[in-house]
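Residue-level structure breakdown
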Amino acid sequence: MGKGRNTAPRDTQAVCAERELEEKKDAAGAREGQRRRQSPAERSRGGATKSPLVDAAKRCVARMELWPGIWPVLLLLFLLLLFLLPTLWFCSPSAKYFFKMAFYNGWILFLAVLAIPVCAVRGRNVENMKILRLMLLHIKYLYGIRVEVRGAHHFPPSQPYVVVSNHQSSLDLLGMMEVLPGRCVPIAKRELLWAGSAGLACWLAGVIFIDRKRTGDAISVMSEVAQTLLTQDVRVWVFPEGTRNHNGSMLPFKRGAFHLAVQAQSCPPIKTSIARRSVASLRGDVRYGCCPQCPQKG
Ligand SMILES: CCCCC/C=C\C/C=C\CCCCCCCC(=O)SCCNC(=O)CCNC(=O)[C@H](O)C(C)(C)COP(=O)(O)OP(=O)(O)OC[C@H]1O[C@@H](n2cnc3c(N)ncnc32)[C@H](O)[C@@H]1OP(=O)(O)O
Ligand SMILES: CCCCCCCC/C=C\CCCCCCCC(=O)OC[C@@H](O)COP(=O)(O)O
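Below is a summary of the structure that appears in this document. Not measured: the values here are computed from a predicted model.

The next subject is the overall build of the protein chain. The secondary structure content of the protein chain amounts to 11 helices and 7 strands. Here the protein chain holds 298 residues, and 34% of them are scored as buried. Long-range pairs, those at least 24 residues apart, make up 69% of the contacts in the protein chain between residues at least 6 apart in sequence. Surface accessibility of the protein chain: about 18900 Å² in total, with carbon and sulfur atoms responsible for 63%.

The residue R183 is not glycine, and still its phi comes out positive at about 50°. Here R183 is to be found in the loop between α8 (172-179) and β3 (184-189). With a relative accessible area of 25%, R183 lands in the partly exposed category. Unlike most non-glycine residues, D233 shows phi in positive territory, near 50°. Inspection of the secondary structure assignment puts D233 in the loop between α10 (215-231) and β5 (235-238).

Let's shift gears to the pairing of β3. Burial within β3 is extensive, with 5 of its 6 residues counted as buried. Bridge count for β3 against β5 is 3 bridges, and the pairing is parallel. If you follow V185 over to β5, its bridge partner there is V236. Across 3 bridges, the pairing between β3 and strand β4 (residues 208-210) is parallel. Its bridge partner being in β4, A188 is matched across the sheet by F209.

A separate point is a positive patch on the surface. Among the surface-exposed residues, K189, R212, R244 and K254 lie close enough to one another that they form a single positively charged patch. Turning to its location among the elements, K254 is positioned in the loop between β5 and α11 (256-263).

Going through the model one piece at a time under the given rule, you end up with 8 aromatic pairs. Between W89 and F99, the aromatic rings sit 6.5 Å apart at their centres with planes inclined by 10°, giving stacked as the arrangement. Here F99 lies in helix α5 (residues 93-120) and W89 lies in helix α4 (residues 70-91), a separation of 10 residues in the sequence. When the centroid spacing of 6.5 Å and the interplanar angle of 65° are considered together, the rings of F103 and Y143 count as edge-to-face. Pair noted here: F103 is in helix α5 and Y143 is in the loop between α7 (139-142) and β1 (145-150), with a separation of 40 residues, a long-range link. What makes F103 partly exposed here is its relative accessible area of 43%. A residue is classified by how much of its surface remains accessible, and Y143, at 11% relative accessible area, is buried. Chaining the aromatic ring pairs together yields one cluster made of F103, W107, F110 and Y143.

Around ligand 1 sit 32 residues in total, of which K189, T215, K254, R255 and H259 are the nearest. Take T215: an N or O atom from its side chain is 2.9 Å from an oxygen atom of ligand 1. Burial of ligand 1 by the protein amounts to 80% of the accessible area it has alone, namely 1300 Å². For the shell around ligand 1, the secondary-structure elements that each account for two or more residues are α5, α6 (128-136), α8, β3, α9 (196-204), α10 and α11. Residues of the shell around ligand 1, tallied by class, amount to 22 nonpolar, 6 polar and 4 charged.

Let us look at α6. Turning to α6, its buried residues number three or more, namely N128, M129, I131, L132 and L136. Within α6, the buried residues cover an arc of 155° as seen down the axis, which keeps them to one side. Facing away from the buried surface of α6 by more than 90 degrees, the exposed residues are K130 and L134.

Near ligand 2 there are 13 residues, and of these H167, K189, R212, T243 and R244 occur at the shortest range. Within the side chain of T243, an N or O atom sits 2.6 Å from an oxygen atom of ligand 2. Contact distances for ligand 2 include 2.7 Å between an oxygen atom and a side-chain N or O atom of R244. Looking at the shell around ligand 2, the elements with two or more residues in it are α5 and α9. Of all the elements, α5 adds the most residues to the shell around ligand 2, at 3 residues. When grouped by side-chain class, the residues that make up the shell around ligand 2 number 5 nonpolar, 5 polar and 3 charged.

What counts as what
Residues numbered from 1 in each chain as written. Chains lettered and ligands numbered in written order. Predicted model: local features only at pLDDT ≥ 70, side-chain atom pairs only at ≥ 80, totals over all residues. Heavy atoms only, no water. Helix = DSSP H or I, 4+ residues; strand = E, 2+ residues; numbered from the N terminus. Buried < 20%, exposed > 50% of the residue type's maximum accessible area, 1.4 Å probe, protein only. Contact = heavy atoms within 4.5 Å. Areas by Shrake-Rupley, 256 points an atom, 1.4 Å probe, with all protein chains shown as cover. Pairing = 2+ DSSP bridges. Patch = residues over 30% accessible without salt bridge, like charges linked within 9 Å, V, L, I, M, F, W, Y side chains within 5 Å. Salt bridge = Lys/Arg side-chain N within 4 Å of Asp/Glu carboxyl O. Lys, Arg positive; Asp, Glu negative; His and termini not counted. Charge placed at Lys NZ, Arg CZ, Asp CG, Glu CD. Phe/Tyr/Trp six-rings, centres within 6.5 Å; stacked < 30°, edge-to-face > 60°. Near = heavy atom within 4 Å. Polar contact = N/O pair within 3.5 Å; in protein donor to acceptor, adjacent residues only side chain to side chain. Nonpolar A, V, L, I, M, F, W, Y, C, P; charged D, E, K, R; others polar. Arc of directions from axis to C-beta.

Next comes the structure, spelled out in structure tokens:
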């Protein structure tokens, strides 16, 4: 009995203590839930912690809440460009020219990506130049350029020869493609080889690259080309000015093209082809004159 009397209040005490503990747990859970529902900024305002690192992190999170996010910023930039580009196009002729040139280069890089797998089937082969030529011919229509070719019949149908041409702009490529004879490869500066997909496409089409800074090396390459000219029924296109010249005049000719014709003397000498007007203005008509063979032999 005494035992029973003594246990009853102890049980009541234990139950009370348990309830008290549960209530405390519930209150703590509710506080935690409320804290989780608060935003990081509210939490950061809710009093500084003792750790400066945690405080700094909290401030950082609060600041991030002010940052609208990447997409609104990108949208704003896009709208700005949408307004800026047409304004520049209509108000600044040089900006217009720049955009046209940027598109020209970008388009060629894109076309080259398409051309590479097709050309790769044959490997490095001058016949691939036909593919590049066909893929480039439409560009004149994009710019509304009308090309008039005169004297194309002066190109001999089969024998090897060297074509020399003036060079005013990278757009001369368009004129060159209009009249490029079969199995004819241009000589280009070595830097073009590194022009991304265009460089690789050029390499696959057998473009001959020379290092203009190393005359000795360039001469050896030209000598090899002379042999190829003789043995593989190939023609070579050289820009003897050696660089672009925008001012309408002609620079003194480098001698490589002429040495080449002399070294490959058993084949006919130089064939001259001069673009009288370049397509540098990126509009209008372009005349392309192909002159008869030069009569001289070395
Ligand atoms: C569908 C997707 C398509 C994607 C691809 C896009 C397009 C693809 C299609 C085609 C791409 C083609 C692009 C072509 C355009 C590229 C045009 C250019 O890159 S132009 C620049 C490169 N070209 C040249 O430089 C012209 C050739 N240069 C020469 O011939 C030079 O003579 C030289 C060999 C480089 C040497 O130049 P250097 O500055 O040193 O001057 P010199 O000429 O005075 O020569 C010095 C000396 O050497 C003698 N010499 C020269 N050559 C020879 C030789 N072959 N053999 C023996 N001796 C040589 C020369 O006589 C001089 O001596 P000397 O003074 O005693 O007479
Ligand atoms: C991932 C790499 C990206 C590289 C991007 C390079 C951009 C070039 C893009 C496209 C190439 C277009 C091919 C044009 C061919 C015409 C080449 C040309 O005309 O070169 C000039 C050369 O004759 C004389 O050079 P300089 O006047 O001496 O200077």
